[in-house]
Amino acid sequence: VVVMVVAVVAGGVQQGIERTCKVLMPALMAILIGLLFYVAASGGLGTSTTFLFAPDFSKITSEAVLEALGHAFFTLSLGMGAMMTYGSYLDSEEHLIRDQVAIAFLDTAIAIISGLVIFAVVFAMGAAPGAGPGLVFITLPGLFAEVPGGTFVAISFFALLILAAWSSGLSLLEVVVAVAVDRFAVPRPVAAIGDSSGE
């Protein structure tokens, strides 16, 4: 994964990151929507929808609000400079408000669809919902092994996870590479390799 991230970032924004993301993002969406159709057909989607959207106002605490804000900052890469870095590559004619709305909408839509898919599988198998790595790497693989077509679902889900991690790696490495290239005139391939080995 590190080698793939370095290779793409070393290729530059247009030849590397942009070209890769034009394939990567539609592939992510196709896998996610395919999984959504699968869980809708196999059952569990109704329970998942209720679990995610039935309001329980007693759980809205200051800690929950801070956790939600932290999630928003994390998924949009707001605290790491990725958005500022990518924003600096935009043409002056770009419509920033429209782009911001599109990014926020897509980010939220992907999060909701992911939640529907994951919890539909969990509830369809009668498992208790958990959180974090335990749910993804312990609960879900066991459930995938038991559902019809589970091998296909498991491969699709973990391919989605790998692609998502890869795209995040691209954004994180691009921030430090951009600084090295713009401020210190380091050649992009050298900066990509040097920054990745430094991490």
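Residues numbered from 1 in each chain as written. Predicted model: local features only at pLDDT ≥ 70, side-chain atom pairs only at ≥ 80, totals over all residues. Heavy atoms only, no water.

Draft legend 1. Representation of the packing of aromatic side chains in the model. Under the defined criterion, the tally for this structure stands at four aromatic pairs. Summarising the aromatic geometry, the rings of Phe-51 and Phe-119 are spaced 4.8 Å apart at their centres and angled 50 degrees between planes, so their arrangement reads as tilted. Here Phe-51, found in helix 3 (residues 45–53), pairs with Phe-119, found in helix 6 (residues 96–124); they are 68 residues apart in sequence, far enough to count as distant. The rings of Phe-51, Phe-119 and Phe-123 are connected pair by pair, giving a single aromatic cluster. (Phe/Tyr/Trp six-rings, centres within 6.5 Å; stacked < 30°, edge-to-face > 60°. Helix = DSSP H or I, 4+ residues; strand = E, 2+ residues; numbered from the N terminus.)

Draft legend 2. Expanded view of a nonpolar patch on the surface. Side chains of Phe-57, Ile-60, Val-65, Leu-66, Leu-69, Phe-73, Leu-78, Met-83 and Ile-103 sit close together on the surface and give an oily, nonpolar patch of about 890 Å² of accessible area. By residue number, the principal contributor to the nonpolar patch is helix 4 (residues 62–75), which donates four residues. If you trace the backbone, Met-83 turns up in helix 5 (residues 82–88). Residue class for Met-83 comes out partly exposed when judged on its relative accessible area of 34%. (Patch = residues over 30% accessible without salt bridge, like charges linked within 9 Å, V, L, I, M, F, W, Y side chains within 5 Å. Areas by Shrake-Rupley, 256 points an atom, 1.4 Å probe, with all protein chains shown as cover. Salt bridge = Lys/Arg side-chain N within 4 Å of Asp/Glu carboxyl O. Buried < 20%, exposed > 50% of the residue type's maximum accessible area, 1.4 Å probe, protein only.)

Draft legend 3. Geometry of the environment of Val-177. You can see Val-177 is positioned in helix 8 (residues 150–184). Looking at Val-177, the relative accessible area reads 0%, which means it is buried.

Draft legend 4. Spotlight on the side chain of Ser-171. With respect to the element layout, Ser-171 can be found in helix 8. Given the relative accessible area of 16%, Ser-171 is considered buried. With residues near it in sequence (within four places) discarded, Ser-171 still touches Ala-82 and Tyr-86. (Contact = heavy atoms within 4.5 Å.)

Draft legend 5. Structural view of the environment of Glu-93. Note that Glu-93 resides in the loop between helix 5 and helix 6. In this structure, the C-alpha to C-alpha distance between Glu-93 and Val-39, residues 54 residues apart in sequence, is 42 Å.

Draft legend 6. Layout of helix 6. Over its 29 residues, helix 6 extends 42 Å from the first C-alpha to the last, a length consistent with the 42 Å expected when each residue adds 1.5 Å. Among the residues making up helix 6, those that are buried are Asp-99, Ile-113, Gly-115, Leu-116, Val-117, Ile-118, Phe-119, Ala-120, Val-121 and Val-122. With its phi angle positive at about 75 degrees, Gly-126 sits one or two positions after the end of helix 6. (Expected span 1.5 Å × (residues − 1).)

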